[in-house]
Amino acid sequence: MADAVIRAERLTKRYGSARGVDDLSFEVLAGEVLGFLGPNGAGKTTTIRLLLDLIRPTAGSIEVFGLDTRRRSREIRRRIGYLPGDLRLYERLTAGEHLRYFASLRGLAGTGDGETIARRLELELDRPVRALSKGNRQKVGVLLALFHRPELLVLDEPTAGLDPLVQQVVYALLRERVDGGGTVFLSSHVLAEVQEVADRVAAVREGRLALVDS
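Every chain is numbered independently, its residues counted from 1 as its sequence is written. Where totals are concerned, whole chains, interfaces and linings use all residues; where local detail is concerned, this predicted model gives features only for residues with pLDDT of at least 70, and gives and counts side-chain atom pairs only at 80 or more. Side-chain calculation: all heavy atoms of the structure are included, whereas hydrogens and water are not.

Chemist: Looking at this model, I keep getting lost on the sheet that holds strand E2 (residues 18-29). Mind explaining?
Modeler: Picture the strands of a sheet paired through backbone hydrogen bonds; they go either parallel or antiparallel. Two strands make a pair as long as DSSP finds a minimum of two bridges between them. Labels follow the DSSP assignment, with helices taken as runs of H or I lasting at least four residues and strands as runs of E lasting at least two, numbered in each case from the N terminus. One open sheet holds the 4 strands; their spatial order is E2-E1-E4-E5, and the pairing between them is antiparallel. Both outer strands of the open sheet, E2 and strand E5 (67-68), are each paired with one neighbouring strand and no more. In the sheet, strand E1 (residues 4-15) pairs with E2 via 8 bridges, with the strands oriented antiparallel. Pairing of Ala8 across the sheet is with Phe26, part of E2. In the packing of helix H1 (residues 44-51) onto the sheet, the strands contacted are E1, E2 and strand E4 (59-64), and the crossing angle to E2 comes to about 65 degrees. The contact definition used throughout considers only heavy atoms, calling two residues in contact when any of these lie within 4.5 Å. Between the N-to-C directions of two axes lies an angle of 0 to 180 degrees, each axis being a line fitted to C-alpha atoms and, for a helix, fitted only over the stretch in contact.

Chemist: Could you clarify how one ought to interpret the pairing of E1 in this entry?
Modeler: In the case of a regular strand, side chains alternate between the two sheet surfaces. Adjacent in sequence and paired antiparallel, E1 and E2 are bridged by 2 residues, among which Gly16 carries a positive phi angle near 65 degrees. As paired elements, E1 and E4 share 5 bridges and run antiparallel to each other. Note on E4: the bridge partner recorded for Glu9 is Ser61.

Chemist: So what exactly am I meant to see when it comes to the layout of surface pockets here?
Modeler: A probe matching the size of a water molecule, rolled over the atoms, marks out where space remains unfilled. Empty space within the largest pocket amounts to approximately 680 Å³. Looking at the lining of the largest pocket, the elements that each hand over two or more residues are helix H2 (73-78), strand E6 (80-83), helix H3 (95-105) and helix H5 (134-146). In this classification, the charged set is Asp, Glu, Lys and Arg, the nonpolar set is Ala, Val, Leu, Ile, Met, Phe, Trp, Tyr, Cys and Pro, and all remaining amino acids, among them Gly, are polar. Among the residues forming the lining of the largest pocket, the class breakdown is 13 nonpolar, 4 polar and 6 charged. Of the grid points, spaced at 1 Å and generated over the protein atoms alone, those admitting a 1.4 Å probe that cannot get out make up cavities, while open sets with protein on both sides within 12 Å along at least five of seven lines make up pockets; any residue with an atom within 4 Å of a point is treated as lining. Grid points are joined across faces, edges and corners, and a volume is the space filled by probe spheres set on the points. Of the volumes computed, that of the second largest pocket is approximately 200 Å³. For the second largest pocket, the full set of lining residues is Gly85, Leu87, Arg88, Leu89, Glu91, Lys134, Arg137, Gln138, Glu157 and Ala160. Tallied by class, residues from the lining of the second largest pocket come to 3 nonpolar, 2 polar and 5 charged.

Chemist: Sorry, what's going on with the pattern of salt bridges here?
Modeler: Opposite charge on two side chains makes pairing possible when the charged atoms of those side chains draw close. When a carboxyl oxygen of Asp or Glu is within 4 Å of a side-chain nitrogen of Lys or Arg, the pair counts as a salt bridge. All told, the structure shown has 14 salt bridges when counted by the stated rule. Between Arg56 and Asp53 there is a salt bridge; the shortest N-O distance is 2.5 Å. By relative accessible area, which is 37% here, Arg56 ends up partly exposed. Summary of the burial criterion: residues with accessible area below 20% of their type's maximum are buried, those above 50% are exposed, and those between are partly exposed, where the area comes from a 1.4 Å probe applied to protein chains only. The buried category is assigned to Asp53, whose relative accessible area is 12%. Three or more residues are tied together by salt bridges with common partners; here these are Arg14, Asp22 and Arg208.

What follows is the structure in structure tokens.
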């Protein structure tokens, strides 16, 4: 049986009297795509923020690569590619400048798979972000999540704003990352997207886990 790349146990986050997530327990196994499915407001983004140690749990725990997310967050993040649902980019920089900047932050000598991925997405690297459409901005986000061949991809609504043909390219890129030894945690409210790419699905509703199944 594959090792667990992500393991959440009774994970709970409350915002005062408001609910975030409540008593979530699940695993994401090495080499799989887990679709994290639920309507908007179900707690998917809260779970991702807990996973990345952007917020701290009220109760319970979450481990990534067997490491505690609170104590080893910097080490964990080095091994992750992340695409947030509320993607923010530097408006004056081009896609290529973003790529080189993030490659430098990660200590890479070059830009990894960046230029190849950009070609497959038909993304122009020399145009400033402020001149890009919503779909092309999303392509930049996909590029920055994938270019360094991360061991774990954490994706929040990855194909939002992309046309169907580009969505298929993204799904192919995810499958290739898994075939290359990666694991994918994909959050979405779109059932068709999860059906397209996921091996298993964890469904959340009102902050609680409703099911985990193939």
